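The residues making up each chain are set out below.
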Protein chains: 2
Amino acid sequence: MNILLTVSYDGTNYFGWQRQKNNISVQQRLEEALSELMRKNIEVRGASRTDTGVHALGQAALLKTETSIPIGKLSYAVNSFLPDDIAVTGARLVSDEFHPQYSVIKKTYRYKILNAEFRNPMLRNYSEFVRQPLDIEKMREACGYFIGTYDFAAFRASGSAAKTTVRTIFDLSVERNKDIVDIMVTGNGFLYNMVRIIAGTLIYVGTDKFKPSFVKEIIASKDRIMAGKTAGASGLTLMKIYYKE
Amino acid sequence: MNILLTVSYDGTNYFGWQRQKNNISVQQRLEEALSELMRKNIEVRGASRTDTGVHALGQAALLKTETSIPIGKLSYAVNSFLPDDIAVTGARLVSDEFHPQYSVIKKTYRYKILNAEFRNPMLRNYSEFVRQPLDIEKMREACGYFIGTYDFAAFRASGSAAKTTVRTIFDLSVERNKDIVDIMVTGNGFLYNMVRIIAGTLIYVGTDKFKPSFVKEIIASKDRIMAGKTAGASGLTLMKIYYKE
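Draft legend 1. Quick look at the pairing of strand S10 (residues 236–243) of chain A. Residue and element names in this part refer to chain A. Relative to S10, strand S3 (residues 55–64) runs parallel, the two being bridged by 2 bridges. Its bridge partner being in S10, histidine 55 is matched across the sheet by threonine 237. Of the strand pairs in this sheet, strand S5 (residues 104–115) and S10 are connected by 7 bridges, and their pairing is antiparallel. Bridge assignment links lysine 107 to a residue of S10, and that residue is isoleucine 241.

Draft legend 2. Here's a closer look at the relation of the copies chain B and chain A. Aligned on chain A, chain B shows an RMSD of 0.0 Å; the corresponding rotation is 180° and the shift along the axis is 0.0 Å. The superposition of one copy onto the other is thereby described by a two-fold rotation axis. The overlap is high: 100% of the interface residues of chain B also sit at the interface in chain A, so the same surface is used on both sides.

Draft legend 3. Quick look at the pattern of salt bridges. The full count for this structure, using the stated rule, is 18 salt bridges over all chains. For the salt bridge of A:Asp10 with B:Arg124, the shortest nitrogen-to-oxygen distance reads 2.7 Å. Of the two residues, A:Asp10 sits in the loop between strand S1 (2–9) and helix H1 (26–38) while B:Arg124 sits in the loop between strand S5 (104–115) and strand S6 (128–130), which places them in two different chains. On the accessibility criterion, B:Arg124 (21% relative accessible area) is partly exposed. Because the salt bridges share partners, they merge into one network encompassing A:Asp10, A:Asp84 and B:Arg124.

Draft legend 4. Structural detail: the interface of chain B and chain A. With 26 residues of chain B at the interface, the matching set in chain A holds 26 residues. Taking both sides of the interface into account, the surface hidden between chain B and chain A amounts to around 2,000 Å²; carbon and sulfur atoms contribute 66%. When the buried area of chain B at its contact with chain A is split by residue, B:Phe118, B:Met122 and B:Arg124 rank highest and sum to 34% of it. Joining chain B to chain A, the criterion identifies 4 salt bridges. Across the chain B-chain A interface, the total number found is 6 residue pairs in polar contact (both at pLDDT 80 or more). For the side of chain B that touches chain A, the secondary structure elements donating two or more residues are strand S1 (2–9), strand S3 (55–64), helix H2 (71–79) and strand S4 (86–94) of chain B.

Quick notes on the rules
Residues numbered from 1 in each chain as written. Chains lettered and ligands numbered in written order. Predicted model: local features only at pLDDT ≥ 70, side-chain atom pairs only at ≥ 80, totals over all residues. Heavy atoms only, no water. Pairing = 2+ DSSP bridges. Helix = DSSP H or I, 4+ residues; strand = E, 2+ residues; numbered from the N terminus. Least-squares fit on C-alpha atoms with pLDDT ≥ 70 in both. Contact = heavy atoms within 4.5 Å. Salt bridge = Lys/Arg side-chain N within 4 Å of Asp/Glu carboxyl O. Buried < 20%, exposed > 50% of the residue type's maximum accessible area, 1.4 Å probe, protein only. Buried area = accessible area lost by both parts, 1.4 Å probe. Polar contact = N/O pair within 3.5 Å; in protein donor to acceptor, adjacent residues only side chain to side chain.

Here you go:
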């Protein structure tokens with residue numbers, strides 16, 4: 001059986017999604033919970049390698065195993081073995097051809113900014129703090145320049161080794177609700193740190209460091225040095241992964 | 001000088017507001033930061049004793065001291081000595097007669113419920129989780145029975161020693177935003193655990209364990225055993241304290 005799990009987590013206390021030798025990852029905790037539940041050694045394959053401190057409400061993880069646990073009860077069963085900063089919120093059967101990375105159509109991320117005079121202690125692990133008032137209209141204008149298919153080499157962390165740096169952004173928007181500014185972005189895939197560099201660039205636009213139209217020049221330059229700084233990990237949440245099936 | 005500070009905190013990692021001998025409290029951390037900043041021993045007097053795990057966006061603390069730090073810069077100055085789960089978000093001068101508890105006109109608390117099929121790891125410390133769908137209309141109907149001046153002895157944790165159990169609730173409302181249900185309550189004062197017992201009672205109404213009108217009978221009984229169970233600490237946030245001056 002090929003089972004696709006939807007996974008939520010608070011990334012604050014983990015060294016990212018991906019299993020590592022010396023640090024605790026979300027993947028390791030999930031595999032441990034599944035192994036305990038199913039009384040055999042279980043490995044999963046995740047859709048996205050989220051970094052340390054990055055959160056998820058819609059990570060996906062593929063599990064290939066036979067089990068007598070009804071698919072409708074699997075989430076509840078796994079959750080009883082998981083720590084309370086990780087939760088499985090869905091489980092469904094997928095075909096043998098399904099691949100957690102190659103079968104992706106698009107992904108949505110949210111980047112949360114606290115735009116206020118003072119920090120909010122309760123949001124310290126879930127937002128980027130920006131004291132200077134953000135000009136939302138200018139940020140929205142800048143969003144328009146990102147939407148489409150471009151070579152996003154300027155929005156890739158140095159050292160990343162993707163084969164191609166061409167990606168399509170289907171949607172990018174900015175919403176303010178009191179002192180919270182949410183950036184929502186949907187694309188067919190994202191380069192390493194791409195969403196955080198887009199967020200950092202939009203923060204530069206919102207604080208008048210960059211003109212909105214400067215985004216066009218950044219993209220054309222294909223040069224990381226041109227874009228804004230990489231916004232912090234804690235503001236980022238992987239919201240949803242859309243699959244072919 | 002009599003200085004009133006507004007204080008925000010994430011109560012997760014503290015044994016409540018009030019200074020204690022063997023456990024770390026928010027008050028202790030704030031006094032330590034102020035003492036370091038002002039280079040003398042500083043004590044503050046808080047408006048409300050929040051419990052372990054309870055949060056605040058608008059706690060108030062009175063500080064009697066002479067200082068050469070301009071009042072407009074005090075918040076920023078203190079914050080640089082505070083851990084990131086506590087923040088001072090305001091400072092103003094008040095009269096010599098001001099008292100952080102007796103000068104209160106009213107206080108507002110929020111009680112946050114996650115009403116969803118699965119837990120949200122990011123809200124685990126900031127909400128009460130209720131899986132069964134809540135009937136918001138019934139909860140709102142129940143709210144009406146709380147508003148007014150009553151003897152709220154039935155909504156007081158046993159062992160509490162308030163002189164009178166008569167309190168006035170000016171406003172009590174329930175709002176749903178997707179899977180978040182916020183209860184907002186404003187009153188001239190609250191008995192020990194009163195807001196959490198009101199929240200627990202409203203959850204019983206929302207899940208059909210109590211009829212809305214049963215609230216009238218609970219109040220009339222003056223008997224704690226009649227009300228719903230005390231909802232968890234993590235859902236509760238002290239939002240604002242309104243003062244005479």
